[in-house]
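Summary of the model geometry
Residue-level listing of the chains:
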Amino acid sequence: YAMNASLPNLPLGSGNQNQWLGVLRIKLSGLTAIKQEHGSRIYRDTLQAIAGRLQNNCDPRSWLFHDRQHEMLCVTCHNSATEAHTLGQRLVETIHNHPIAVSYRLLLKVTAYIGGSTMFVPNDVMESEAMQILFEELIREADQGLEYLLAQPTKTANGSGTTTDYHLYLRMAGVNFE
């Protein structure tokens, strides 16, 4: 669904810009405890607040989808692989650094983990059936990145890095179209 909804609306290939396509798999941690402790209504309100915050911090060239329970998918196009990493950092920080305000008295802590993948899209692939293969590879790579990230031992910031370093894993995907 994400591919069919987002790709026709992304400004891929406009001139020599926006030639990079990225997929970020966002896993939200802490929602199960919120549902158990505060109930379904607060859980839904929290999920909506998170989705709104993520959408507000996404690039205008991005689409955000609620994909799996406690997971979202961000499909984005950009001018370089660095822009995808910067977006991932911004999304992690917007959730991690600021509790979710569900009411004026209730602030909830949620953690975001992001596995992502980005790839340069050649002009001749933009309008071809190969685009579906590329998109599926990006999702697979993002899922693998998230799995890798979640399998790492829990780390605490001890001056050797920032919180973002422990919650974001982005890699370059490679697909052979020959």
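Residues numbered from 1 in each chain as written. Predicted model: local features only at pLDDT ≥ 70, side-chain atom pairs only at ≥ 80, totals over all residues. Heavy atoms only, no water.

**Focus: the nonpolar core**
Where we set the bar: Take the buried Ala, Val, Leu, Ile, Met, Phe, Trp, Tyr and Cys residues and link them wherever side-chain atoms come within 4.5 Å; each set so joined is a nonpolar core. Partly exposed residues are those whose accessible area sits between 20% and 50% of the maximum for their type, while under 20% is buried and over 50% is exposed, using a 1.4 Å probe and protein chains only. Helix and strand labels come from DSSP, where a helix needs a run of H or I of at least four residues and a strand needs a run of E of at least two; each type is numbered from the N terminus.
One finds I26, L28, L31, I50, L54, L91 and V110 to be the most contacted residues of the largest nonpolar core, which totals 25 residues. Taken together, the elements giving at least two residues each to this core come down to β1 (20–29), α2 (31–38), α3 (40–57), β3 (71–78), α4 (81–96) and β6 (111–120). If you tally residues by element for this core, the top one is α3, at five residues. Counting 12 residues, the second largest nonpolar core, distinct from the first, contains V23, F65, L134 and F135.

**As for the packing of α2 against α3**
Quick reminder of the rule: Orientation is described by axes fitted as lines to C-alpha atoms, over the contacting stretch for helices, and by angles from 0 to 180 degrees between their N-to-C directions. Whether two residues are in contact is decided by their heavy atoms: any pair within 4.5 Å suffices. All amino acids are sorted into three groups, where Ala, Val, Leu, Ile, Met, Phe, Trp, Tyr, Cys and Pro are nonpolar, Asp, Glu, Lys and Arg are charged, and the leftover types, Gly among them, are polar.
Direction vectors running N to C along α2 and α3 enclose 145°, while the axes themselves pass 7 Å from each other. In contact with L31, I34, K35 and H38 of α2, α3 contributes S40, I42, Y43, T46, L47 and I50. Of the residues belonging to the contact of α2 with α3, the class tally is six nonpolar, three polar and one charged.

**Quick look at helix α6 (residues 130–151)**
Stated formally: Working rule for helices: expected span equals 1.5 Å times residues minus one.
End to end, α6 covers 31 Å across 22 residues, agreeing with the expected 32 Å (1.5 Å per residue, within 8%). Those residues of α6 that fall on the buried side of the exposure criterion are A130, M131, L134, F135, E137, L138, E141, A142, D143, G145, L146 and L149.

**Description of the pairing of strand β2 (residues 62–68)**
Put simply, the rule reads: Strand pairing follows a simple DSSP-based rule, namely that at least 2 bridges must link the two strands.
Of the strand pairs in this sheet, β2 and β3 are connected by six bridges, and their pairing is antiparallel. Each bridged residue has a counterpart across the sheet, and for F65 the counterpart in β3 is L73. Linking β2 back to β3 in an antiparallel pair, the connection comprises two residues, with H70 at a positive phi of about 65°.

**A short note on the pattern of salt bridges**
Side chains that differ in sign of charge can pair as their charged atoms come close. So the rule is basically this: Salt bridge, as used here: a side-chain nitrogen of Lys or Arg that lies within 4 Å of a carboxyl oxygen of Asp or Glu.
According to the stated counting rule, one finds 10 salt bridges in the structure shown. R25 is paired through a salt bridge with E71; the nearest N and O atoms lie 3.6 Å apart. Taken together, the residues span a long stretch of sequence, with R25 in strand β1 and E71 in strand β3 at a distance of 46 residues. Judged on exposure class, the residue R25 and its partner E71 are both buried. When salt bridges with common partners are traced through the structure, they connect R25, K27, D67, R68, E71 and D143 into a single cluster.

**Looking at the side chain of H78**
Filter applied, for reference: Any pair of nitrogen or oxygen atoms within 3.5 Å is treated as a polar contact; in protein, a donor-acceptor pairing is required on top of that, and neighbouring residues in sequence qualify only through side-chain atoms on both sides.
By the element assignment, H78 lies in strand β3. The buried category is assigned to H78, whose relative accessible area is 1%. In this structure the side chain of H78 is engaged in a polar contact, spanning 2.9 Å, whose partner is the side chain of T118.

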